[in-house]
Amino acid sequence: MNRVVGSNQQEVEATMKIHVNRVPESGLEEHISYDSRPLDMDRFDVHLHEPFKVDAFITKVERQLVVRIQVCCTLCCLCARCLDEFSVVVRPQAVFSYTVDPPDVVDITEDVRQEIMLTYPMIPVCQADCKGLCISCGQNWNHNSCEHRNQ
Ligand SMILES: [Zn+2]
Ligand SMILES: [Zn+2]
């Protein structure tokens, strides 16, 4: 979070670094958008096309830095049954704790990245009752029927 507090919150950041010396005793609240592109978060069937948002509340107690995060992230998924793209918004929450001695810079990027990737669906499905594709002609049965159906 190497930016001036109070700057434009629409700007997109590439790293999540906390300067421990800048965290006041009352704690520090941050609301920032992060660019997922440098973070290598894509899976063949899950992509992040938009920056994700992190709300963080950072407190410092002696040598412990505690970071509570609430993420809002849009996943663009490829349905395993019908191959249509669909989006889903995930909102993982987590609490990270770091020992800082001496106070320095803490990078929470990898921890946030993992929290988001844990929310990826094992097998993305656009809807619970997705009808899938016809194995004979490839018709998407969610949109249209075909002569092979109900055989
Ligand atoms: Zn589907
Ligand atoms: Zn068919």
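Residues numbered from 1 in each chain as written. Chains lettered and ligands numbered in written order. Predicted model: local features only at pLDDT ≥ 70, side-chain atom pairs only at ≥ 80, totals over all residues.

With respect to the overall build of the chain
For step 1, the next point in the chain: Along its length, the chain carries one helix and nine strands.
For step 2, the next point in the chain: For the chain, the α and β elements follow one another from N to C terminus as β-β-β-β-β-β-β-β-β-α.
For step 3, the next point in the chain: Taken over the C-alpha trace, the chain has a radius of gyration of 21 Å; the compact-globule value for 151 residues is 15 Å, which it surpasses by more than 25%.
For step 4, the next point in the chain: On the principal axes, the C-alpha backbone points of the chain span a range of 70 × 30 × 20 Å.
For step 5, the next point in the chain: Counting only residues that meet the buried cut, the chain has 16% of its 151 residues in that class.
For step 6, the next point in the chain: Within the chain, contacts between residues separated by at least 24 positions form 56% of all contacts whose residues are at least 6 apart in sequence. (Helix = DSSP H or I, 4+ residues; strand = E, 2+ residues; numbered from the N terminus. Rg over C-alpha atoms; globule rule 2.2 N^0.38 Å. Buried ≥ 20, exposed ≤ 12 C-beta atoms within 10 Å, placed from the backbone. Contact = placed C-beta atoms within 7 Å.)

Things to note about the nonpolar core
For step 1, the next point in the chain: Ranked by size, the top nonpolar core spans 20 residues in total, and within it Ile 18, Val 54, Ile 58, Val 67, Ile 108 and Val 112 carry the most contacts.
For step 2, the next point in the chain: Taken together, the elements giving at least two residues each to this core come down to strand S5 (52–61), strand S6 (64–78) and helix H1 (109–117).
For step 3, the next point in the chain: What Val 67 contacts, discounting residues up to four positions off in sequence, is Ile 18, Ala 56, Ile 58, Phe 96 and Ile 108. (Core = buried A, V, L, I, M, F, W, Y, C linked by C-beta atoms within 7 Å.)

Notes on unusual backbone geometry
For step 1, the next point in the chain: In this structure, Asp 40 is a non-glycine residue whose phi angle is positive, near 55°.
For step 2, the next point in the chain: On the secondary structure map, Asp 40 appears in the loop between strand S3 (28–34) and strand S4 (46–47).
For step 3, the next point in the chain: Phi at Glu 62 is positive, roughly 50°, even though this residue is not glycine.
For step 4, the next point in the chain: Within the secondary structure layout, Glu 62 lies in the loop between S5 and S6.
For step 5, the next point in the chain: Looking at Glu 62, the number of C-beta atoms within 10 Å reads 8, which means it is exposed.

Side note on the environment of His 47
For step 1, the next point in the chain: Looking at where His 47 falls in the secondary structure, it is placed in strand S4.
For step 2, the next point in the chain: When the C-alpha positions of His 47 and Leu 75 are compared, they lie 5.9 Å apart, and in sequence the two are 28 residues distant.
For step 3, the next point in the chain: The contact partners of His 47, leaving out residues within four places of it in the chain, are Asp 42 and Cys 76.

Structural notes on the pairing of S6
For step 1, the next point in the chain: When S4 meets S6, the two strands line up antiparallel, connected through two bridges. The residue bridging Val 46 from the neighbouring strand is Cys 77, located in S6.
For step 2, the next point in the chain: Sheet analysis places S5 next to S6, joined by nine bridges and oriented antiparallel. Considered in S6, the bridge of Val 54 is made with Val 71. (Pairing = 2+ DSSP bridges.)

Concerning the confidence of the model for the chain
For step 1, the next point in the chain: Averaged over all residues, the pLDDT of the chain equals 90, while 93% of them reach at least 70.
For step 2, the next point in the chain: Confidence, expressed as mean pLDDT per element, reaches its minimum in the chain at strand S1 (residues 12–13) with 82 and its maximum at S4 with 98.
For step 3, the next point in the chain: Every residue in residues 1–9 is under pLDDT 50, and counting partners more than four places away or in other chains gives ten contacts. (pLDDT = per-residue confidence, 0-100.)

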